[in-house]
Amino acid sequence: MNQKDVIYVDIDDEITSIIDKVRSSGHNLIALVLPKRATVLQSSVNMKLLKRAAGNAKKQLVLITSEASLMPLAAATKLPVAKTLESKPEVPILDASHNEELDELLHVDQGEPADFDPDKAGKKPVGELAGAGAAAGAQSGPVKPELTPLPIPRAKDKDNADESVELDNTDKKEDSKESDKKSKDSKDKKLKVPNFQRFRLKLILGILLIVILIVGWILANIILPKAIVDIGTNTSTVNATLTLNLDTTAKSISAAQETIPAQIQSSQKTQSQQVATTGQKNQGNSASGVVQMSAGECSGTVPSDVPSGSQLSSSSGLTFITQQDTSFTPTISHSKCTFEGSSTTPIDAQSPGSNYNNQTNFTDPNNSAITATASTATAGGTDNIVQIVAQADITNATQKIPAPNTTLIKSSLEASLQQAGLFPIQTSFNSGTPSNTSSAAAGAQASTVTVTQTITYTMFGVPKSGLQTLLNDNVDQQIDTSKQAILNDGLSKATYSLVSQSSTGAVVGLQASAVTGTKIDIPALKKQIAGLKPGDVQNIINAYPGVTTVTVHYSPFWISSTPKNVSKIHIEFKSTKSNANGG
């Protein structure tokens, strides 16, 4: 079955453009759909050129048109014509009335020069071809005019719309009645307008699919691939013990003193707790009075004076304070000698309060021989109770402050040190002495008191390269460096212990188990095996002296060769003959 192609001719197309479309088609059978009132093929020369171009390209041409004016020209060039793509193509047959015009058409076509080349003519403009034809006609004699196209019938309303046709790639034969019926039905169909919304959706989905495929390919072939190469060697384990001096004032590493420059990272955490006060204070007035003091019967020497500010206790156990010095003199009354105060003594209650009123009898707590009597009871004491801060309230608030989450604080300090490019020494984590402040002092009037606690946390960090330098130096002193190399310094699994700490440094003990074995330049080895198959990787590594086994693991499962990115290659050493060396 011949392959078919449908070419739609635009009303503005020239004959050269149509010929190019016919020649460039990859099919043997071509349906040339002509627009209504197409003038480009209403010329015998153009029709002849199209016929010859199709013949030279070995293509069968069918004109799809219902223009009556093109039928004589198609008949003259013997080009098949069909009304629609579904209709059966036939070469038009003219009646007797058109014979004379047909003869004239053929006569005009025969007037072409003998050296006429249709291929070259197909690449020239129509005007140039017409000029060349006129010149040839002038040399050979008078030329008859071309046939006048038949009148073009007025199109009906339904003819004004372009017909919607569908391709039919089968060579089925239908009788003329069914063909005419389909042709009529096809004329009634409206023009199919492309669905641009659907086209845009398909375009977006297509682009999204391409992006997903690209991202998936990058993920599957660049990001996820990883290789783990386990190398078994005759290795030795060397235990390294160091006493590191972390010094924030040091500028360089000292292997002899095991000193390494350090940086201290601090974090201050503040928390508060508020409680209600429980203390009370009477801010009323204090009672006062006047007493006559006596030191008992006369005997021996005169009692010492009672200085101002001395305490007197009432019979109710309340304390009063003398307001002036009092001296004693012998006084005889009723034939009895006693030591009486030389004058009356004013007294004030030690604290405000109405309970200090109505007191008349007093004693000296420091001298039982001294008594005092008020001729008029004490008075003037009033009550005004207010809430005050007790020391117990401050203590209670301090105890209620929740303990900080030191795990989070430690993680934060580690992250800060790592961000600064330092290796955090976790064991140097230290909680400073809490600093407590209260919103009111003990004894101050307040209904609540708030205690704020501030603690400063610190941690030391050192350059990781400095640690490796000190650790490797310690291990190198215990091995024969001409035959052995450090395969794993053990820093990732090292343990630390804090010996002492100050504001500018710390002393930290470090213990690590390093693995030594055959010298292998790991960075160079990674570059050498990048992109190779497992067998090639094993052959290369087995060539190193001291290597006993090589195992290559790839992930994910679809990876079959070593990644070309050396950062995706992990080399691990496994000891097949361990010799512990205490160091």
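Per-chain numbering applies: the sequence of each chain, read as written, is numbered from 1 onward. It should be noted that, the model being predicted, local features are given only for residues of pLDDT at least 70 and side-chain atom pairs only at 80 or more, the latter also being counted only at that level, while totals for whole chains, interfaces and linings use all residues. Excluded from the side-chain calculation are hydrogens and water; included are all heavy atoms of the structure.

Considering a nonpolar patch on the surface
A residue counts toward a patch only above 30% relative accessible area and without a salt bridge, and it is joined to like-charged neighbours within 9 Å or, for Val, Leu, Ile, Met, Phe, Trp and Tyr, to nonpolar neighbours within 5 Å. In these tables, accessible area is a Shrake-Rupley quantity obtained with a 1.4 Å probe, and a residue counts as shielded only by the protein chains included in the view. We define a salt bridge as a side-chain nitrogen of Lys or Arg found within 4 Å of a carboxyl oxygen belonging to Asp or Glu. On the surface, a cluster of nonpolar side chains totalling about 1,000 Å² of accessible area is made up of Ile210, Ile214, Trp217, Ile218, Leu219, Ile222, Ile223, Leu224, Phe557 and Trp558. Helix and strand definitions follow DSSP, with helices as H or I runs of at least four residues and strands as E runs of at least two, each counted in order from the N terminus. The residue Trp217 is located in helix α9 (residues 196-223) in this model.

Some details on unusual backbone geometry
A cis amide bond, omega -5°, links Ser555 with the succeeding residue Pro556. Its location among the elements puts Pro556 in the loop between β25 (547-555) and β26 (569-575). Non-glycine residue Asn358 carries a positive phi angle of around 65°.

Quick look at the sheet that holds strand β4 (residues 81-82)
Strand pairing requires that DSSP identify at least two bridges connecting the strands. Here we have 4 strands laid out as an open sheet, ordered β1-β2-β3-β4, and parallel in their pairing. In this open sheet, the two edge strands, each paired with only one partner strand, are β1 (4-8) and β4. In this sheet, strand β3 (residues 60-64) lies alongside strand β2 (residues 29-33) in parallel orientation, the contact comprising 5 bridges. Counted as the bridge partner of Ala31 is Val62 from β3. Set on the sheet, helix α1 (residues 15-24) makes contact with β1, β2 and β3; between it and β1 the angle comes to about 160°. For this analysis, residues touch if any pair of their heavy atoms sits within 4.5 Å. Structural elements are reduced to axes, namely lines fitted to C-alpha atoms, with helices fitted over the stretch in contact, and the angle between N-to-C directions of any two is expressed from 0 to 180 degrees.

Here we look at the confidence of the model for the protein chain
Think of pLDDT as the predictor's per-residue confidence, scored from 0 to 100. This prediction gives the protein chain a mean pLDDT of 81; 81% of its residues lie at or above 70. Averaged over each element, pLDDT in the protein chain is lowest for helix α7 (residues 157-160) (39) and highest for strand β12 (residues 319-322) (96). When the criterion is pLDDT under 50, residues 104-114 qualifies, and its contacts beyond four places in sequence or with other chains add up to 18 contacts. Confidence over residues 578-583 falls short of pLDDT 50; this stretch has 16 contacts with residues more than four positions distant or in other chains.

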